[in-house]
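What follows is the residue order along each chain.
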Amino acid sequence: DTALVSGIVIDKDFSHPQMPKVVANPKIAILTCPFEPPKPKTKHTVYISNAEDYKDLHEQEQDYFRKQVQACKDAGATLVICQWGFDDEGNYLLYRNDLPAVRWVGGVELELIAVATGGDIVARFEDLPEARLGTCGRVREVGFGTTKDRMLYIENCPNSKAVTIFIRGGNSMMIGEAKRSLHDALCMVRNLIRDNRIVYGGGSAEIAASRTVCDFADTVKTVDQYAIRAFGDALEAVPINLALNSGLNPVAALSAARKSQLENNTPYSGVDCMDRGTMDMKEQRVFETLHGKISQFRLATQVVKMILKVDDVIITHPEQQ
């Protein structure tokens with residue numbers, strides 16, 4: 001059931017089970033006023049002494065609902081999204097007047113829908129004639145699984161390019177893992193948009209950087225060369241761990257990749273983790289963003305500098321019992 005939705009997904013359904021499940025090109029009235037008779041601001045008591053009084057009260061209540069539904073119809077709305085709920089009487093009248101409705105939509109979701117569809121949030125029914133109605137390509141109710149959980153897809157919104165990745169799985173652990181994987185992929189795309197430069201993976205970038213750093217260390221005449229060479233050696237930890245995680249001999253894999261880079265004079269040779277018969281990461285199309293690789297090196301360097309600043313560590317032993 002996992003899908004990419006070109007629009008907004010809200011965890012709601014149509015208020016009446018017999019309302020249409022798909023509304024194409026709707027005119028959406030976005031309301032923060034409830035479908036209910038107005039409440040007096042002071043304490044009040046209603047005395048009903050006979051059946052005629054009860055009928056009059058019921059008729060007056062229905063009249064309020066009819067006027068509210070008619071106000072939405074007169075404004076040209078074909079779909080109502082309301083922040084508040086409405087009882088069975090109002091729900092039935094909406095259904096009878098062919099006006100699909102969604103109730104109990106949260107304030108944040110309501111604002112998001114208003115921005116995406118270009119509609120105004122209406123606080124009073126009297127303001128409906130002057131308000132802009134939202135629109136989109138389609139609103140549909142989708143059911144999932146054996147429990148028939150239902151959600152609303154508001155698709156092809158004209159004023160927003162927002163998309164929603166809807167993830168559904170058998171348990172929370174699977175959903176969490178899928179969410180983390182998608183987040184990593186989105187961050188990769190974000191980094192490519194910010195800076196479209198790439199380096200090739202498989203540890204090839206680290207091996208090439210290690211060679212360059214060690215060559216530079218040979219030109220340094222002071223004792224600093226040992227620290228520089230240690231930095232270059234530390235970079236080789238990445239291809240070594242790649243080889244270990246792939247079940248390869250780390251020493252042989254690292255030596256083969258370094259030899260290939262030296263003989264072919266190319267920085268693309270890395271650890272063949274997928275056992276595809278070539279160490280050329282460019283041919284395997286394995287790459288990382290330069291932005292991400294720089295962030296990794298910078299963070300690791302900052303951690304080492306922080307540790308080196310520690311002069312002494314004092315450990316207090318617990319009292320002997």
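This text goes with the structure placed above it.
So, how was this worked out
Residues numbered from 1 in each chain as written. Predicted model: local features only at pLDDT ≥ 70, side-chain atom pairs only at ≥ 80, totals over all residues. Heavy atoms only, no water. Helix = DSSP H or I, 4+ residues; strand = E, 2+ residues; numbered from the N terminus. Expected span 1.5 Å × (residues − 1). Buried < 20%, exposed > 50% of the residue type's maximum accessible area, 1.4 Å probe, protein only. Pairing = 2+ DSSP bridges. Axes fitted to C-alpha atoms, helices over the stretch in contact; angles between N-to-C directions. Parallel < 35°, antiparallel > 145°, perpendicular 65-115°, else oblique. Contact = heavy atoms within 4.5 Å. Nonpolar A, V, L, I, M, F, W, Y, C, P; charged D, E, K, R; others polar.

### Quick notes on helix α10 (residues 290–308)
Look at α10: 27 Å from first C-alpha to last across 19 residues, which is about the 27 Å you get at 1.5 Å a residue. Along α10, the residues that are buried comprise Leu290, Gly292 and Lys293.

### Points about the sheet that holds strand β2 (residues 7–10)
Strand order in the open sheet made by the four strands is β2-β10-β9-β3, with antiparallel pairing throughout. Looking at strand neighbours, the two that pair on one side only are β2 and β3 (22–24), the edges of this open sheet. Averaged over all adjacent pairs, the angle separating strand axes in this sheet is 20°, with direction ignored. The pairing of β3 with strand β9 (residues 138–144) spans three bridges and is classified as antiparallel.

### Describing the pairing of β9
Here seven bridges tie β9 to strand β10 (residues 149–155), and the two strands are oriented antiparallel to one another. Within β10, the residue paired with valine 139 across the bridge is isoleucine 154. Linking β9 back to β10 in an antiparallel pair, the connection comprises four residues, with glycine 145 at a positive phi of about 65°.

### Focus: unusual backbone geometry
As a rule of thumb, non-glycine residues mostly have phi less than zero, and peptide bonds are mostly trans rather than cis. Look at aspartate 98: it is not a glycine, yet its phi comes out positive at around 55°. Within the element layout of this structure, aspartate 98 appears in the loop between α2 (88–96) and β6 (101–102). Unusually for a residue other than glycine, arginine 285 sits at a positive phi of about 60°. Looking at the element boundaries, arginine 285 is found in the loop between α9 (281–284) and β13 (287–289). You can call arginine 285 exposed: its relative accessible area is 66%.

### So, the packing of helix α6 (residues 224–235) against helix α7 (residues 237–245)
Their axes nearest at 4 Å, the elements α6 and α7 cross at an angle of 25°. By the angle between their axes, α6 is roughly parallel relative to α7. Residue-level inspection shows Asp233, Ala234 and Leu235 of α6 in contact with α7, the latter providing Ala237, Val238 and Pro239. In terms of residue class, the contact of α6 with α7 is built from five nonpolar, no polar and one charged.

### Considering the environment of glycine 247
Position of glycine 247 among the secondary structure elements: in the loop between α7 and α8 (250–264). The exposed category is assigned to glycine 247, whose relative accessible area is 66%. It is 63 Å that separates the C-alpha atoms of glycine 247 and alanine 77, two residues lying 170 residues apart in sequence.

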